[in-house]
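Chains, contacts and geometry: an overview
This is what each chain is made of:
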Amino acid sequence: MYEINYSVGKKLLSFDMPENWNELTQKQMSRLALLIHQGHPEELAIQRTVQILSGKDLYAYLRLPQDVRKSCEQYAQWVWEANTLTKNYFPRVGKFFGPADSLDNTTMVEFHFAELAYLALVSTKEEKYLEELIAVFFRPGKENYNHQIDPDSDRRAPFSMGLHQYMVKRVHQWSDDLKLSVLLWYDGCRQQLAKDYAALYPENKKSDNMNEGLFRLMRSIAGDKYGSFDQVEKMNVHTCHLEMICLQEEAEKLEEELNKYK
């Protein structure tokens, strides 16, 4: 958190401003998600960002000295730079449960369908694909499950296409700020995934389509260790990526050994 100190007359006052995406409140997350997609001129957008991050309503914000508001702009620039959001600010929406931070309880089959929806959204800008993306991650809770202890680290019913179609209809009724918040979360998570497993997603690759390698990745892991392709689909995203990294490293070492005999 940035601590902003200022004075009004003889009074010394202060307020805090988050310094990254994962330090926001849920309200700040919702308001920023809307702001980013409203297309305001740069000067207005950055001032609105400062207001949101300050946690003050418009009246209280306008009462701040003008030089304080101006000087705070430097602490709000990060919102308009890299998206590093990995915290899910909406772990529950009504009776529906959401995913864990950083895709930690996401399976490969969920990731596959999320990528299909995400890429369709990017290319078409059609809201239906945003709703399909969100519906991948939010589902009703498991029946007869201890949601307080959460022993499986996932309160949600298992992913299925039938349940996904049901959730698309439910998500359609959600507010724009909630939908856009989930979109920002997923975008941040997929960027972090590409960073953490850079060997699988080289920067010089022209395509931004993670999905084109997902089935190849799952098929390469299927076998004696992890079971059938259907079983690999249910693997955790991070486990699957780590295993793929190991397979890649093993292949490189084998190639080095073979080259010695050429």
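Right, let's walk through the structure included here.

How each quantity is defined
- Residues numbered from 1 in each chain as written.
- Predicted model: local features only at pLDDT ≥ 70, side-chain atom pairs only at ≥ 80, totals over all residues.
- Heavy atoms only, no water.
- Helix = DSSP H or I, 4+ residues; strand = E, 2+ residues; numbered from the N terminus.
- Buried < 20%, exposed > 50% of the residue type's maximum accessible area, 1.4 Å probe, protein only.
- Contact = heavy atoms within 4.5 Å.
- Areas by Shrake-Rupley, 256 points an atom, 1.4 Å probe, with all protein chains shown as cover.
- Axes fitted to C-alpha atoms, helices over the stretch in contact; angles between N-to-C directions.
- Parallel < 35°, antiparallel > 145°, perpendicular 65-115°, else oblique.
- Nonpolar A, V, L, I, M, F, W, Y, C, P; charged D, E, K, R; others polar.
- Salt bridge = Lys/Arg side-chain N within 4 Å of Asp/Glu carboxyl O.

Before going further, it helps to examine the overall build of the protein chain. Helix and strand content of the protein chain: 11 helices and 5 strands. Considering the protein chain as a whole, with its 262 residues, one finds that 44% of them fall into the buried category. Residue pairs in contact within the protein chain that sit at least 24 positions apart in sequence constitute 65% of those at least 6 positions apart. Total accessible area on the protein chain stands at roughly 15100 Å², and carbon and sulfur atoms take up 50% of it.

Once that is clear, we can look at the packing of helix 1 (residues 26-36) against helix 2 (residues 42-54). Running from N to C, helix 1 and helix 2 cross one another at 170°; their axes reach a closest spacing of 10 Å. It follows from the interaxial angle that helix 1 and helix 2 lie roughly antiparallel. Of the residues in helix 2, those touching helix 1 at Gln-28, Arg-31, Leu-32 and Leu-35 are Ala-45, Arg-48, Thr-49, Gln-51, Ile-52 and Leu-53. Split by residue class, the contact of helix 1 with helix 2 holds 5 nonpolar, 3 polar and 2 charged.

With that settled, the discussion passes to the pattern of salt bridges. Taken as a whole, this structure holds 10 salt bridges when the rule is applied. The salt bridge partner of Arg-139 is Glu-110, with a shortest N-O separation of 3.1 Å. A residue pair is termed long-range when its members are at least 10 positions apart, and Arg-139 in strand 5 (residues 139-140) and Glu-110 in helix 5 (residues 108-124) qualify at 29 residues. No difference in accessibility class separates Arg-139 from Glu-110, as the two residues are buried. Where Glu-110 meets Arg-156, a salt bridge forms, and the shortest distance between an N and an O atom there is 3.1 Å. Placement of Glu-110 in helix 5 and of Arg-156 in the loop between strand 5 and helix 7 (161-171) is noted, with a sequence separation of 46 residues between them. You'll find Glu-110 and Arg-156 in the same group, each marked buried. Within the structure, one salt-bridge network assembled from shared partners comprises Glu-110, Arg-139, Asp-154 and Arg-156.

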